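Each chain is listed here by its residues.
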Amino acid sequence: MHKELSQKSDYNLQVSPISKGEYMMAKMIKETEHPLYRKSNKMRMERFGKGLTFLSVALAAAITAAILFLVFSKGLSTFIMNDGSVKDFFTGTTWNPAEVNSLGKPIIGALPFLVGSLAVTGISALLSAPLAIGAAIFMSEIAPKTGKRIMQPVIELLVGIPSVVYGFIGLTVVVPFLRDLFPGSGFGIAAGTIVLSVMILPTVTSLALDAIQAVPRSLREASLALGSTRWQMICEVVLKTAKPGLMMAVIFGMARAFGEALAVQMVIGNAAVIPHSLFEPASTLTSILTMGMGYTVMGQIENNALWSLALVLLLMSLFFTITVRMIGKGKSS
Amino acid sequence: MNVVNTIEQSVIQTENLQFYYGTHHALKNINLKFEEKRITALIGPSGCGKSTFLRTMNRMNDLIPGVKTEGAIWIGKENITDSSIDPVELRKKVGMVFQHASVFPFSIYENIAYGPRIHGERNKKVLDEIVEENLRAAALWDEVKDQLDQSATGLSGGQQQRLTIARTLATKPEILLMDEPTSALDPISTAKVEELIQTLKEHYTIIIVTHNMQQAARIADFTAFFLNGEVKEYGQTATIFSNPLFSETKEYIAGKFG
């Protein structure tokens, strides 16, 4: 039989017998064509999805990098191209970038805005933190039912109110109120602080609530089983355990307050001086930025000086973010 | 009521105790008497009411909305189910150790000092003594004496559980309730905790819920077998294990259900 076949193959190459090596080869080729080796549609979808998500991430990263580059290059050019003094920037009290001083350097004293920004941020955090933590304790420990059904939706609603509405309310209610009670026009750090602390209150409250609710029930029970009152349990165990989370909540609120422009600008008075009291017009980094950016030309010193303010804002927000991250890390370890 | 007056202090007796979660009748007519300075084990399948019963004894169930307790639990001469009893005072006297070691995320020292501190002890020297005394009582002192200021969450599971026992002892209770104190521990840690429980018997009346039959047999003087919210059988551990009255008890101990 074999002989016959091999004889036949002499005439017909298609059925020629194959050597053992060739046979193995053919088998291997066939094996790689096995359905398990073939690229399926699902596999292709998988790769497509991977590529798509990677593209999104890459785009987001590229945009962030571009923004950082722009703010840094523009912000630093005040000091490099326009010969501004870094020391003047952080200690000078006069802001007039269009003019030069006796040394031939632009007058870019940003201290009043730094002071203004830090003052409104710090004081509003001091005002809102105790209120927010108190509200969070009430919602989580004292009346969880009312908290969940009424307070939580209200707070979520408050988080969503646009800042211009807060500013408008501040302008119509807070400023006249302060004008009647204290000497001055009512515009100033105090008005900005009140508006900001109301504005960040819901954010801080809901984050503080998360932190307090994250304290395990077992710790609460352990405290009560040792004969503590509910109040002792809240003060000594719940708040102590939730402390990193509460700090994060307050810092998030501060970051929001520090970066808020519109609402503050509407009530702070926008005077580029260090005020002598909380009831005199002042300004913040953000308010000067929003006030000035429409009146300057790209590439000129007035414009570059505003970019320097933007750079300070960016660095500050970076600082807040890093602080929150470090607290978060400390908490998990 | 005559019975009540004759029993010694800190002896516990329940009288027709009923307990409801909403409409669910979780404890049905419990009548038990616990001997002073003895270990009593509560055994029975899951959901039979052992833990619920334990938690009625220090009124931890009060924290759950919609529950109702009827009948009486006499500790000494007081009926602790009475609404005039302050649960905060009661829990000082009736300490509780939970299934999962719930150490506070504070230092070892602060964990022990927490109880005495909330009960008004401010003197640093006294607190130091309390911490050492109770860590020794819980057989933990030698292991942690050099790291008292370190976080308690860094201890092993067994050490954490002994720490919570020490923390409970620091409030000077008369009665210790233990809710499956070793179920989350490895065998070696379990052995240490069991050994500790047996030494504590000298000073405390101990009631322990356990799912571990051998554990009940090893450490308990008395055993109560709970089934569907009732006490099916109660007596000396040796009797319950070797010669139970009811077939259910026998089958449960033999591991036929649970």
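Reading the values: rules and limits
Residues numbered from 1 in each chain as written. Chains lettered and ligands numbered in written order. Predicted model: local features only at pLDDT ≥ 70, side-chain atom pairs only at ≥ 80, totals over all residues. Heavy atoms only, no water. Helix = DSSP H or I, 4+ residues; strand = E, 2+ residues; numbered from the N terminus. Buried < 20%, exposed > 50% of the residue type's maximum accessible area, 1.4 Å probe, protein only. Contact = heavy atoms within 4.5 Å. UniProt positions renumbered as here; feature names shortened; annotations may be inferred. Pairing = 2+ DSSP bridges. Axes fitted to C-alpha atoms, helices over the stretch in contact; angles between N-to-C directions. 1 Å grid on protein atoms, 1.4 Å probe; cavity = no way out; pocket = protein on both sides within 12 Å on 5 of 7 lines; lining within 4 Å. Points joined across faces, edges and corners; volume = space filled by probe spheres on them. Nonpolar A, V, L, I, M, F, W, Y, C, P; charged D, E, K, R; others polar. Salt bridge = Lys/Arg side-chain N within 4 Å of Asp/Glu carboxyl O. Parallel < 35°, antiparallel > 145°, perpendicular 65-115°, else oblique. Left-handed = near helix turned anticlockwise from the far one by under 90°. Core = buried A, V, L, I, M, F, W, Y, C linked by side-chain atoms within 4.5 Å. Expected span 1.5 Å × (residues − 1). Polar contact = N/O pair within 3.5 Å; in protein donor to acceptor, adjacent residues only side chain to side chain. Phe/Tyr/Trp six-rings, centres within 6.5 Å; stacked < 30°, edge-to-face > 60°. Lys NZ or Arg CZ within 6 Å of the ring centre and 35° of its normal.

Draft legend 1. Focus on the overall build of chain A. Secondary structure summary: chain A contains 14 helices and two strands in total. Dimensions of chain A, computed from C-alpha atoms along their principal axes, come out at roughly 120 × 70 × 35 Å. Within chain A, the proportion of its 333 residues that are buried is 37%. Across chain A, contacts joining residues at least 24 apart in sequence account for 67% of those joining residues at least 6 apart.

Draft legend 2. Focus on the UniProt feature "domain: ABC transporter" (unreviewed entry) in chain B. UniProt's feature table lists "domain: ABC transporter" (unreviewed entry) at residues 12-253 of chain B, given in the numbering used throughout. Between the C-alpha atoms that bound residues 12-253 of chain B the distance is 26 Å, and the span itself is 37% helix and 26% strand.

Draft legend 3. Structural view of the sheet that holds strand β9 (residues 205-209) of chain B. Residues and elements named next belong to chain B. Strand order in the open sheet formed by six strands is β7-β8-β9-β4-β10-β11, and the pairing between neighbours is mixed. For this open sheet the edge positions go to β7 (94-97) and β11 (230-236), each flanked by a neighbour on one side alone. Neighbour-to-neighbour, the strand axes of this sheet turn through a mean angle of 15°, independent of strand direction. When strand β4 (residues 39-43) meets β9, the two strands line up parallel, connected through four bridges. In the sheet register, Ala41 faces β9, and the bridge partner there is Ile208. The strands that helix α7 (residues 157-169) touches are β7 and β8 (175-179); relative to β7, the one it contacts most, it runs at about 170°.

Draft legend 4. Quick look at the pairing of strand β2 (residues 24-30) of chain B. Residues and elements named next belong to chain B. Where strand β1 (residues 12-21) and β2 come together, four bridges link them in antiparallel fashion. Looking across to β2, one finds that Tyr21 is bridged to His24. With antiparallel pairing between neighbouring strands as the criterion, β1 and β2 make up a hairpin whose turn holds two residues, including Gly22 at a positive phi of roughly 60°.

Draft legend 5. Up close: empty space enclosed by the protein. On inspection of all chains with the given rule, the structure shows one cavity of 30 Å³ or more. Approximately 50 Å³ is the volume attributed to the largest cavity. Forming the walls of the largest cavity are Ala222(A), Ala225(A), Leu226(A), Gly95(B), Met96(B), Val97(B), Phe98(B), Thr164(B), Arg167(B) and Thr168(B). Of the residues that constitute the lining of the largest cavity, the class distribution is six nonpolar, three polar and one charged.

Draft legend 6. Summary view of the pattern of salt bridges. All names here are of chain B. The tally for this structure, following the rule as stated, stands at 15 salt bridges over all chains. Between Asp142 and Lys145 there is a salt bridge; the shortest N-O distance is 3.9 Å. For Asp142, a relative accessible area of 59% gives the class exposed. Here Arg218 makes a salt bridge to Glu194, at a shortest N to O gap of 2.6 Å. One end of the pair, Arg218, is in helix α9 (residues 213-219); the other, Glu194, is in helix α8 (residues 187-200), with 24 residues separating them in the sequence.

Draft legend 7. Region of interest: the packing of helix α7 (residues 163-181) of chain A against helix α8 (residues 189-213) of chain A. All names here are of chain A. Running from N to C, α7 and α8 cross one another at 140°; their axes reach a closest spacing of 9 Å. It follows that α7 is oblique to α8 by the angle criterion. Relative to α8, the crossing made by α7 is right-handed. Facing Ser163, Tyr166, Gly167, Gly170, Val174, Val175 and Leu178 of α7, the residues of α8 in contact are Ala190, Ala191, Ile194, Val195, Val198, Met199 and Pro202. Among the residues making up the contact of α7 with α8, the classes are represented as 11 nonpolar, three polar and no charged.

Draft legend 8. Highlighting the nonpolar core. Judged by nonpolar contacts, the single largest core of 77 residues is most densely connected at Leu42(B), Phe53(B) and Phe226(B). Broken down by element, this core gets its largest block of residues, 12 residues, from α8(A). Setting aside residues no more than four positions away along its own chain, Leu42(B) makes contact with Phe34(B), Lys50(B), Phe53(B), Leu54(B), Ile207(B), Ile208(B), Val209(B), Thr210(B), Ala224(B) and Phe226(B). Formed by 44 residues, the second largest nonpolar core is a distinct cluster that contains Leu148(B), Leu155(B), Leu227(B) and Ile253(B).

Draft legend 9. Highlighting the layout of surface pockets. Computed from the structure, the largest pocket encloses a volume of approximately 840 Å³. Along the walls of the largest pocket sit 24 residues, with Ser140(A), Glu141(A), Pro144(A), Arg230(A) and Leu63(B) positioned nearest its centre. Of all the secondary-structure elements, those providing two or more residues to the lining of the largest pocket are α5 (111-142), α6 (144-159), α8, α9 (217-225) and α10 (230-241) of chain A together with α3 (87-93) of chain B. The biggest single contributor to the lining of the largest pocket is α6(A), with five residues. Residues of the lining of the largest pocket, tallied by class, amount to 10 nonpolar, six polar and eight charged.

Draft legend 10. Fine view of helix α5 (residues 124-137) of chain B. All names here are of chain B. A rise of 1.5 Å per residue sets the reference length of α5, with its 14 residues, at 20 Å; its end C-alpha atoms lie 20 Å apart and thus fit the reference within 8%. The elements touched by buried residues of α5 are α4 (108-118), α6 (141-144) and α7. For α5, the N-terminal cap is Asn123; the gap from its side-chain oxygen to the backbone nitrogen of Lys125 is 2.9 Å. Downstream of α5 by one or two residues, Ala139 has phi in the positive range, about 55°.

Draft legend 11. Representation of the packing of aromatic side chains. Residue and element names in this part refer to chain B. All told, the structure shown has 14 aromatic pairs over all chains when counted by the stated rule. Geometrically, the ring pair formed by Phe34 and Phe53 is tilted, given 6.0 Å between the ring centres and 35° between the ring planes. Placement of the pair is Phe34 in strand β3 (residues 33-34) and Phe53 in helix α2 (residues 50-56), with a sequence separation of 19 residues. Residue Phe34 is classed as buried on the basis of its relative accessible area, which comes to 0%. A relative accessible area of 0% places Phe53 in the buried class. Through successive ring pairs, a cluster of aromatic residues spans Phe34, Phe53, Phe222, Phe226 and Tyr234. Over the ring of Tyr20 we find Lys68, and its NZ or CZ is 4.8 Å from the ring centre. Sitting above the plane of the Phe246 ring, Lys232 keeps its charged end 4.9 Å from the centroid.

Draft legend 12. Focus on α9(A). Among the nine residues of α9(A), seven are classified as buried, and the element is accordingly described as predominantly covered. Among the residues making up α9(A), those that are buried are Leu219(A), Arg220(A), Glu221(A), Ala222(A), Ser223(A), Leu224(A) and Ala225(A).

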